Amino acid sequence: MHFFRLIRPLNLFVIALIMYSLRFYYVSKGGLMTNLHNSNPYILEQFSFFLLVFSTVLIAAAGNIINDYFDVKADKINKPHKVIIGKFIKPRHAIVWHWVLNFIAFSIALYLSIVFRSFWYVFIHLLSINLLWLYSMRLKRKFLIGNIVISLLTALVPILAGIYLNQVFSDQRDYLPAAWSEHNYFSQDEMKLVVVCIFASFAFFINLAREIIKDVEDVEGDKLLKAKTLPLILGERKSRIIALLIIVFIILSSIFGLINFTGELVVKLRSIDYILFSTIAFFLFLALFFLRSSERKQLKFADRSLKVAMVLGSLLPLIWSLIASNA
């Protein structure tokens, strides 16, 4: 039970949701390549993608373990009720679990690189493992660098899925809602990358805002570790303002993107798009509202609102795939 609390299963579920949501959209309109060296390529593809998701989740779980390992002192001040390492799990056992999970994940990446003749899987997995270690040990306490690194790693999740899906699926059509493709802003090949880039950017900026909010929450423990986080250098008020500006940027860029792609926003979007985009916008505005409060406890609500917005955003490709499959 304590081990599952340590690896944060909800966060791992979100990672899997993002990756499978993108896959469902590709499957709805994509043609599977037949050069997978198997008499039943679809079964092999399903298994291979599961391995990719599983290895990504394992790396994230190992990252959560090593993050808590290095943060025990700060967590005893910031969130003593959530301390697990040293209280329920021995530190040396945590380190063993960290390396076991990373070893399994890297072995899977090596297998996928051999099967699909691509170095990307090994490279991204190895990069993620090392950056998570550096982040937990050192970068997390550096001014803004740690926030950017962990946000880039979050953005790598849809990018990794996109690399796999673009390699495995061919003859793809309608990567975006019909209204987006009618204007021919992108070729079909370019549109393969658009969805992935949209969700990678969305994940990066939402996670960047969340990381800044969490730094404000953890300021007392970070003082003990003599960290140089954003709120300790610029102050809590300025850090809140930066997080606010990032959320405003997400909202405005989303509105601009919709108008630019659709031309006539009111006419072109489907009703399901309205509902999802409106709900995501609601939680983003909710985060803005909580961030404006001077009370520290409101930061937790802002953090949770951003997490809900990210989960809802990850559902968009899944919704589009359901629409495409019924078209």
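First, a word on scope: everything that follows refers to the structure included in this document. The model shown is predicted, which means the values in this text are computed figures rather than measured ones. (Residues numbered from 1 in each chain as written. Predicted model: local features only at pLDDT ≥ 70, side-chain atom pairs only at ≥ 80, totals over all residues. Heavy atoms only, no water.)

1. So, the overall build of the protein
Inference 1: Counting its secondary structure elements, the protein contains 16 helices and 2 strands.
Inference 2: About 16100 Å² of surface is accessible on the protein, with carbon and sulfur atoms providing 67% of the total. (Helix = DSSP H or I, 4+ residues; strand = E, 2+ residues; numbered from the N terminus. Areas by Shrake-Rupley, 256 points an atom, 1.4 Å probe, with all protein chains shown as cover.)

2. Here we look at the pattern of salt bridges
Inference 1: Going through the model one piece at a time under the given rule, you end up with 4 salt bridges.
Inference 2: The partner of aspartate 303 in a salt bridge is arginine 210, and the shortest N-O contact between them spans 2.5 Å. One end of the pair, aspartate 303, is in helix H15 (residues 297-314); the other, arginine 210, is in helix H9 (residues 188-217), with 93 residues separating them in the sequence. Pair check on accessibility: aspartate 303 and arginine 210 agree, each one buried.
Inference 3: Glutamate 211 is paired through a salt bridge with lysine 214; the nearest N and O atoms lie 3.1 Å apart. (Salt bridge = Lys/Arg side-chain N within 4 Å of Asp/Glu carboxyl O. Buried < 20%, exposed > 50% of the residue type's maximum accessible area, 1.4 Å probe, protein only.)

3. Thoughts on a positive patch on the surface
Inference 1: A cluster of basic residues, Arg5, Lys82, Lys87 and Arg304, forms a positive patch at the surface.
Inference 2: Within the secondary structure, lysine 82 sits in the loop between helix H4 (72-78) and helix H5 (91-115). (Patch = residues over 30% accessible without salt bridge, like charges linked within 9 Å, V, L, I, M, F, W, Y side chains within 5 Å. Lys, Arg positive; Asp, Glu negative; His and termini not counted. Charge placed at Lys NZ, Arg CZ, Asp CG, Glu CD.)

4. Things to note about the side chain of serine 118
Inference 1: For serine 118, the location among the structural elements is in the loop between H5 and helix H6 (120-137).
Inference 2: Once residues within four sequence positions are removed from consideration, serine 118 is found in contact with Ser113 and Gln167. (Contact = heavy atoms within 4.5 Å.)

5. Some words on the packing of H5 against H6
Inference 1: It is the contact of H5 with H6, at a shortest axis distance of 8 Å, that shows an interaxial angle of 160 degrees. Between H5 and H6, the crossing angle belongs to the class labelled roughly antiparallel. Residues His98, Trp99, Asn102, Ala105, Phe106, Ala109, Leu110, Leu112 and Ser113 of H5 pack against Tyr121, Val122, His125, Leu126, Ile129 and Trp133 of H6.
Inference 2: Looking at side-chain class alone, the contact of H5 with H6 contains 11 nonpolar, 4 polar and no charged residues. (Axes fitted to C-alpha atoms, helices over the stretch in contact; angles between N-to-C directions. Parallel < 35°, antiparallel > 145°, perpendicular 65-115°, else oblique. Nonpolar A, V, L, I, M, F, W, Y, C, P; charged D, E, K, R; others polar.)

6. Brief notes about the environment of threonine 56
Inference 1: Looking at where threonine 56 falls in the secondary structure, it is placed in helix H3 (residues 41-70).
Inference 2: What makes threonine 56 buried here is its relative accessible area of 10%.
Inference 3: In terms of polar contacts, threonine 56 uses its side chain to reach the backbone carbonyl oxygen of leucine 52, at 2.8 Å. (Polar contact = N/O pair within 3.5 Å; in protein donor to acceptor, adjacent residues only side chain to side chain.)

7. A short note on unusual backbone geometry
Inference 1: With a phi close to 55 degrees, arginine 117 is a non-glycine residue in the positive phi region.
Inference 2: In this structure, arginine 117 sits in the loop between H5 and H6.
Inference 3: Its identity as a non-glycine residue notwithstanding, leucine 144 has a phi of 70 degrees, on the positive side.
Inference 4: Relative to the assigned elements, leucine 144 resides in the loop between H6 and helix H7 (145-168).

8. Description of H6
Residues separated by three or four positions in an α-helix point in the same direction, a consequence of the helix having 3.6 residues per turn.
Inference 1: When the terminal C-alpha atoms of H6 are compared, their 26 Å separation across 18 residues agrees well with the 26 Å that a helix rising 1.5 Å per residue should span.
Inference 2: Along H6, the residues that are buried comprise Tyr121, Val122, Ile124, His125, Ser128, Ile129, Leu132, Tyr135 and Ser136. (Expected span 1.5 Å × (residues − 1).)

9. With respect to empty space enclosed by the protein
Inference 1: Considering all chains together, one arrives at 2 cavities of 30 Å³ or more under this definition.
Inference 2: If you go around the largest cavity, the residues you meet are Ile18, Phe199, Phe202, Ala203, Met310, Gly313 and Ser314.
Inference 3: Contributions of two or more residues to the lining of the largest cavity are made by H9 and H15.
Inference 4: Looking at the lining of the largest cavity residue by residue, the class counts come to 5 nonpolar, 2 polar and no charged. (1 Å grid on protein atoms, 1.4 Å probe; cavity = no way out; pocket = protein on both sides within 12 Å on 5 of 7 lines; lining within 4 Å. Points joined across faces, edges and corners; volume = space filled by probe spheres on them.)

10. Section: the nonpolar core
Inference 1: One finds Ile247 and Leu284 to be the most contacted residues of the largest nonpolar core, which totals 85 residues.
Inference 2: If sequence neighbours within four positions are ignored, isoleucine 247 has contacts with Ala209, Leu284, Ala287, Leu288, Leu291 and Leu306. (Core = buried A, V, L, I, M, F, W, Y, C linked by side-chain atoms within 4.5 Å.)

11. Side note on the packing of aromatic side chains
Inference 1: This structure, assessed with the given rule, holds 18 aromatic pairs.
Inference 2: Seen from their ring centres, phenylalanine 204 and phenylalanine 205 are 5.0 Å apart, and the 85 degrees between their planes marks the pair as edge-to-face.
Inference 3: For phenylalanine 204, a relative accessible area of 15% corresponds to the buried category.
Inference 4: On the basis of relative accessibility, which here comes to 26%, the residue phenylalanine 205 falls in the partly exposed class.
Inference 5: Pairwise contacts between aromatic rings join Tyr20, Phe24, Phe49, Phe116, Tyr121 and Tyr164 into one cluster. (Phe/Tyr/Trp six-rings, centres within 6.5 Å; stacked < 30°, edge-to-face > 60°.)

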